[in-house]
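# Observations on the three-dimensional arrangement
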Amino acid sequence: NQALENDQFVLYAQVIEPLYEDGVEHHELLLRMIDEDGSTIPPGAFLPAAERYNLISHLDRWVVDHAFQALEEHPLFLERVHSISVNLSGASLADESFLEFIQDHFAKSGFPASKICFEITETAAISNLNRAMKFISTLNALGCRFALDDFGSGLSSFAYLKNLPVDYLKIDGMFVKDIIDDPIDHAMVKSINEIGQVMGMQTIAEFVENDEIKDMLKNIGVDYAQGIGKPMPFEQILGP
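All of these numbers come straight from a predicted model, not from anything done at the bench.

Backbone geometry places Asp-7, a non-glycine residue, at a positive phi of 60 degrees. By secondary structure assignment, the location of Asp-7 is in the loop between helix H1 (2-5) and strand E1 (9-18). One non-glycine residue with positive phi stands out, namely Phe-207, at about 60 degrees. Relative to the elements of secondary structure, Phe-207 occurs in the loop between strand E8 (202-205) and helix H12 (211-220).

With that out of the way, let us pick up a negative patch on the surface. Taken together, Asp-181, Asp-211, Glu-212 and Asp-215 make up a surface patch of like negative charges. One can find Asp-181 in the loop between helix H10 (173-176) and helix H11 (183-198).

For the rest of this paragraph, the subject is the pattern of salt bridges. Overall, the coordinates contain 10 salt bridges when judged by the stated rule. Residues Asp-178 and Lys-177 are paired through a salt bridge, measuring 3.6 Å at the closest nitrogen-oxygen approach. For Asp-178, a relative accessible area of 35% gives the class partly exposed. Assessed through its relative accessible area of 36%, Lys-177 is described here as partly exposed. A salt bridge links Lys-190 to Glu-194, with the shortest nitrogen-to-oxygen separation between them at 3.6 Å. With Lys-190 and Glu-194 both in helix H11 and 4 residues apart, this pair spans about one turn of that helix. By relative accessible area, which is 38% here, Lys-190 ends up partly exposed. Classification of Glu-194 as partly exposed rests on a relative accessible area of 43%. Taken together, the shared-partner salt bridges connect Glu-28, Glu-119, Lys-170 and Glu-206 into one network.

Relative to each other, helix H6 (residues 96-109) and helix H8 (residues 129-142) sit at 10 degrees, their axes nearing to 11 Å. What the angle tells us is that H6 and H8 run roughly parallel. Mapping the contact onto sequence places Glu-96, Phe-98, Leu-99, Ile-102, Gln-103 and Phe-106 in H6 and Arg-131, Lys-134, Phe-135, Thr-138, Leu-139 and Leu-142 in H8.

Let us look at the pairing of strand E5 (residues 116-121). Summarising burial for E5: 5 of the 6 residues are buried, a large majority. Inspection of the sheet shows strand E4 (residues 83-87) paired to E5 by 4 bridges, in the parallel sense. For Val-86, the partnering residue across the bridge sits in E5 and is Phe-118. For E5 and strand E6 (residues 145-151), the ladder comprises 5 bridges, and the chain directions are parallel. When the bridges of E6 are listed, Cys-117 appears paired with Arg-145.

The buried fraction of strand E2 (residues 26-34) is high, at 8 of 9 residues. The sheet contact formed by E2 and E4 spans 3 bridges and is parallel. Looking at the pairing, Glu-28 lines up with Ser-85 of E4. Where E2 meets strand E3 (residues 40-41), 2 bridges bridge the pair, whose relative direction is antiparallel. In the strand pairing of E3, Met-33 is matched with Ile-41. If you look at the hairpin formed by E2 and E3, you'll find 5 residues sitting between the two strands, and Gly-38 has a positive phi there, around 90 degrees.

Rules of the game
- Residues numbered from 1 in each chain as written.
- Predicted model: local features only at pLDDT ≥ 70, side-chain atom pairs only at ≥ 80, totals over all residues.
- Heavy atoms only, no water.
- Helix = DSSP H or I, 4+ residues; strand = E, 2+ residues; numbered from the N terminus.
- Patch = residues over 30% accessible without salt bridge, like charges linked within 9 Å, V, L, I, M, F, W, Y side chains within 5 Å.
- Areas by Shrake-Rupley, 256 points an atom, 1.4 Å probe, with all protein chains shown as cover.
- Salt bridge = Lys/Arg side-chain N within 4 Å of Asp/Glu carboxyl O.
- Lys, Arg positive; Asp, Glu negative; His and termini not counted.
- Charge placed at Lys NZ, Arg CZ, Asp CG, Glu CD.
- Buried < 20%, exposed > 50% of the residue type's maximum accessible area, 1.4 Å probe, protein only.
- Axes fitted to C-alpha atoms, helices over the stretch in contact; angles between N-to-C directions.
- Parallel < 35°, antiparallel > 145°, perpendicular 65-115°, else oblique.
- Contact = heavy atoms within 4.5 Å.
- Pairing = 2+ DSSP bridges.

This is the structure we're talking about:
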């Protein structure tokens, strides 16, 4: 509560690197909290508390507010970037007023909705399936993109996928990080990628920690890799 009142948050961004297309620039926005002594607190230290005390939607609103403001203030960056990914919690998906909040921001911003890609986790989408379908279809109509995060972590992943019209599948990093040494992980990544491609979705592999993993993902046919470029302050990426 105190951090929200005092604006003690800052946006970081991590590059999502294309494995085939050159020059397509994607970034995912990540949230950091600034402690009273000026140190940076990672999300794992405050997001669980935000979820427990029903503050996570407030954080989502903070991120959307500041992301839209930053993009409006940097038209040159907005022009060159393909999309910026913004994470949304399950609580925001289930909140009827949050959809209106997003729609109002697009109405006021004036920049193309296609520049924003909302990321929702597979778990959040499945637990709020009807709500998620309405949320996605409403914002798809404006031109927004959607990514299904942590895909493969659920037991019924493929069964639900047909009901969720998303643009990107983010393959859960727990399958990616050991793909070189574990044939089962390799098979999982390959099958998720194939299903995604058949359904007209592009795939993003998380936790890509070295070039060997990156090369194997490229051989499999995965479209994007995330993890080699480390998160950095969003303002540094935005430029002047």
